[in-house]
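Working through the structure, step by step
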Amino acid sequence: MIWLYIFLTVFVLLFILIVFTKLTIIVNYYHHNDNDDLKIEFRVWFGLIKYKINVPLIKIDDDSPSVVVKHHSHIGEAPGGKPDHKVEQITKQKVMKNFEKAKELLQKVVRMHVIVRKFLRKISIKKFEWQTFIGVGDAAHTAIAVGGLWALKGSIVGILSHYLKLTVTPQLAITPHFQAAVIQTKVLCIFQFRIGHAILAGLKLIKYWRGGKSRIPNKANFSNEKTKFV
């Protein structure tokens, strides 16, 4: 019996540790003309556990109207030698099929955005950098493109600050090139949230997915709801 108590105690402590653990997501995207490189890294416990996803190639398929994505992932430090890549072909049929699935999900979960939005407010942006080097070959057109890009970046930052918790000042930069046509951009963003908040949001989604309720508690009820995670 004492071993059962020890097991339960360890299990409860481990669960509490996981609930209060912060998950850090580092998104690093680089684009230069036709080359794209996307890296996503998940970290917990100050980088003791890591999981990395690398998408080094995104291009249009020359033989069919589809997008070819080449990627690989690994846990911890980068493995030795050349990693095995997975190649997926994203066709119109796959996109439409996934779109229909997403549409069914939104129809089944009534006002799902309320739950999602509450979870998004728990996500903190610890770092946001967006640098762009752009030119269209003409000075006047380049100036117009730079102005439009500044407006786009401002809108995106406004959306992020509205739905997420922006804790730092975004570092935005645009460098025009008036003599040549070139586009180069680099985005670095670090997100952080407690795993417990994700678990709570997931439980709420499961509840309304399986419960078949016709409505979700109103905003007043959500505002009065208190969470144990800080």
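Residues numbered from 1 in each chain as written. Predicted model: local features only at pLDDT ≥ 70, side-chain atom pairs only at ≥ 80, totals over all residues. Heavy atoms only, no water.

**Things to note about the pattern of salt bridges**
Throughout the structure, instances matching the rule amount to two salt bridges. One salt bridge connects Glu41 with Arg43, and the closest N-O pair in it is separated by 2.5 Å. The partly exposed category is assigned to Arg43, whose relative accessible area is 30%. Residue Glu129 pairs with Lys127 through a salt bridge whose shortest N-O separation is 3.6 Å. For Lys127, a relative accessible area of 32% puts it in the partly exposed group. (Salt bridge = Lys/Arg side-chain N within 4 Å of Asp/Glu carboxyl O. Buried < 20%, exposed > 50% of the residue type's maximum accessible area, 1.4 Å probe, protein only.)

**Side note on the pairing of strand E1 (residues 22–32)**
Examined bridge by bridge, E1 and strand E9 (residues 181–194) share 11 bridges and lie antiparallel to one another. Note that in E9 the partner of His32 across the bridge is Gln184. Sheet topology places E1 next to strand E2 (residues 35–44); 10 bridges connect them, and they run antiparallel. Opposite His32, over in E2, you have Asn35 as the bridge partner. (Pairing = 2+ DSSP bridges. Helix = DSSP H or I, 4+ residues; strand = E, 2+ residues; numbered from the N terminus.)

**Focus on the packing of aromatic side chains**
Under the criterion given, the structure shown has two aromatic pairs. Judged by centre distance (6.2 Å) and plane angle (40°), the ring pair of Phe42 and Tyr51 falls under tilted. Classification of Phe42 as partly exposed rests on a relative accessible area of 26%. When its relative accessible area of 31% is taken as the criterion, Tyr51 is described as partly exposed. (Phe/Tyr/Trp six-rings, centres within 6.5 Å; stacked < 30°, edge-to-face > 60°.)

**Details of the UniProt feature "transmembrane region" (unreviewed entry) in the protein**
Residues annotated by UniProt as "transmembrane region" (unreviewed entry) correspond here to residues 6–30. Counted over residues 6–30, helix gives 60% and strand 36%. Its end C-alpha atoms are 49 Å apart. (UniProt positions renumbered as here; feature names shortened; annotations may be inferred.)

**Things to note about a positive patch on the surface**
A cluster of basic residues, Lys22, Arg117, Arg121, Lys122, Lys126 and Lys165, forms a positive patch on the protein surface. Mapping Lys126 onto the fold places it in strand E6 (residues 124–136). (Patch = residues over 30% accessible without salt bridge, like charges linked within 9 Å, V, L, I, M, F, W, Y side chains within 5 Å. Areas by Shrake-Rupley, 256 points an atom, 1.4 Å probe, with all protein chains shown as cover. Lys, Arg positive; Asp, Glu negative; His and termini not counted. Charge placed at Lys NZ, Arg CZ, Asp CG, Glu CD.)

**Focus on unusual backbone geometry**
Backbone geometry places Trp45, a non-glycine residue, at a positive phi of 55°. Among the secondary structure elements, Trp45 is positioned in the loop between E2 and strand E3 (49–60).

**Details of the confidence of the model for the protein**
In low-pLDDT segments, the atomic positions of the prediction should not be examined closely. Residues at a pLDDT of 70 or more form 71% of the protein, whose mean pLDDT is 76. Here residues 213–230 is a poorly scored stretch, pLDDT under 50, and it has 29 contacts once near neighbours within four places are set aside; other chains count. (pLDDT = per-residue confidence, 0-100. Contact = heavy atoms within 4.5 Å.)

**Some points on the nonpolar core**
With 18 residues, the main nonpolar core has Ile123, Ile125, Phe128, Leu164, Phe191 and Phe193 as its most contacted residues. Of all the secondary-structure elements, those providing two or more residues to this core are E1, helix H3 (112–120), E6, helix H4 (139–163), E9 and helix H5 (195–211). Looking at this core element by element, the count peaks at four residues for E9. Those residues in contact with Ile123 that lie beyond four places of it in its chain are Leu164, Lys165, Phe191, Gln192 and Phe193. (Core = buried A, V, L, I, M, F, W, Y, C linked by side-chain atoms within 4.5 Å.)

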